[in-house]
Amino acid sequence: MYTREWTIRFGDVDMFQIGFYPRLMSEVRRTTERFMESLGYPFRELIDERELGLPIIEAGIEFENPAVAGDTLTLTVTPTVGETSLRFEIVARHADGTTAFTAFEQRVCLPVGGDETVPLPEDVRRVLEGARNESADGNER
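Keep in mind that this is a model prediction, so the values were computed, not measured.

**Topic: the overall build of the protein chain**
Thinking step 1. Within the protein chain one finds 3 helices and 7 strands.
Thinking step 2. In sequence order, the secondary structure elements of the protein chain are arranged as β-α-α-β-β-β-β-β-β-α.
Thinking step 3. Computed over its C-alpha atoms, the radius of gyration of the protein chain comes to 16 Å, within 12% of the 14 Å expected for a compact globule of 141 residues.
Thinking step 4. Along the longest, intermediate and shortest principal axes, the C-alpha atoms of the protein chain span 45 × 35 × 20 Å.
Thinking step 5. Per-residue burial over the protein chain gives 41% buried out of 141 residues.
Thinking step 6. Carbon and sulfur atoms make up 48% of the accessible area of the protein chain, which totals about 7600 Å².

Quick look at the structure:
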């Protein structure tokens, strides 16, 4: 499991002073990128060195409690690994532990320039499954 903090700034909220959907999705993506970097598999290196990409094919957020400018949220990522796909579940919690929102990114493994999915490399799969098992055990990175 990967956890990081994010403080919502004034530019991250809408006219009602709550977290603006596009900014929240941007932060979700930033969080999954940092998660992959923490595992030693940055998205950019997978593309440059292995000619494999993990593009997002679906993403979304479900709101539970408002997040406003000045709130510091803890974002936690849990991966689920498929044969040719990867799903990130992200939970954003307020300092008091209440959930602000849950989000997901569904990704597929594609060769650069290709349009047919391919299996995730075994070493990437192993590391992601290890991170998921840490999450199930309650251990944090």
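What follows picks up the thread again.
**A word on the pairing of strand β4 (residues 72–81)**
Thinking step 1. For β4, the buried fraction is high: 7 of the 10 residues fall into the buried class.
Thinking step 2. In this sheet, β4 lies alongside strand β1 (residues 2–7) in antiparallel orientation, the contact comprising 6 bridges. Bridge pairing in β4 places T3 opposite T76.
Thinking step 3. By the bridge criterion, 8 bridges tie β4 to strand β5 (residues 85–93) in an arrangement that is antiparallel. Bridged to L75 within β5 is A92.
Thinking step 4. What sits between the antiparallel neighbours β4 and β5 is a turn of 3 residues.

**Things to note about the environment of F101**
Thinking step 1. Within the secondary structure, F101 is located in strand β6 (residues 99–108).
Thinking step 2. Measuring from C-alpha to C-alpha, the distance between F101 and L54 comes to 24 Å, with 47 residues separating the pair along the chain.
Thinking step 3. Excluding anything up to four places from it in sequence, F101 contacts L24, V28, I61, E62, F63, E64, L73, I90, V91 and A92.

Reading the values: the criteria
- Residues numbered from 1 in each chain as written.
- Predicted model: local features only at pLDDT ≥ 70, side-chain atom pairs only at ≥ 80, totals over all residues.
- Heavy atoms only, no water.
- Helix = DSSP H or I, 4+ residues; strand = E, 2+ residues; numbered from the N terminus.
- Rg over C-alpha atoms; globule rule 2.2 N^0.38 Å.
- Buried < 20%, exposed > 50% of the residue type's maximum accessible area, 1.4 Å probe, protein only.
- Areas by Shrake-Rupley, 256 points an atom, 1.4 Å probe, with all protein chains shown as cover.
- Pairing = 2+ DSSP bridges.
- Contact = heavy atoms within 4.5 Å.

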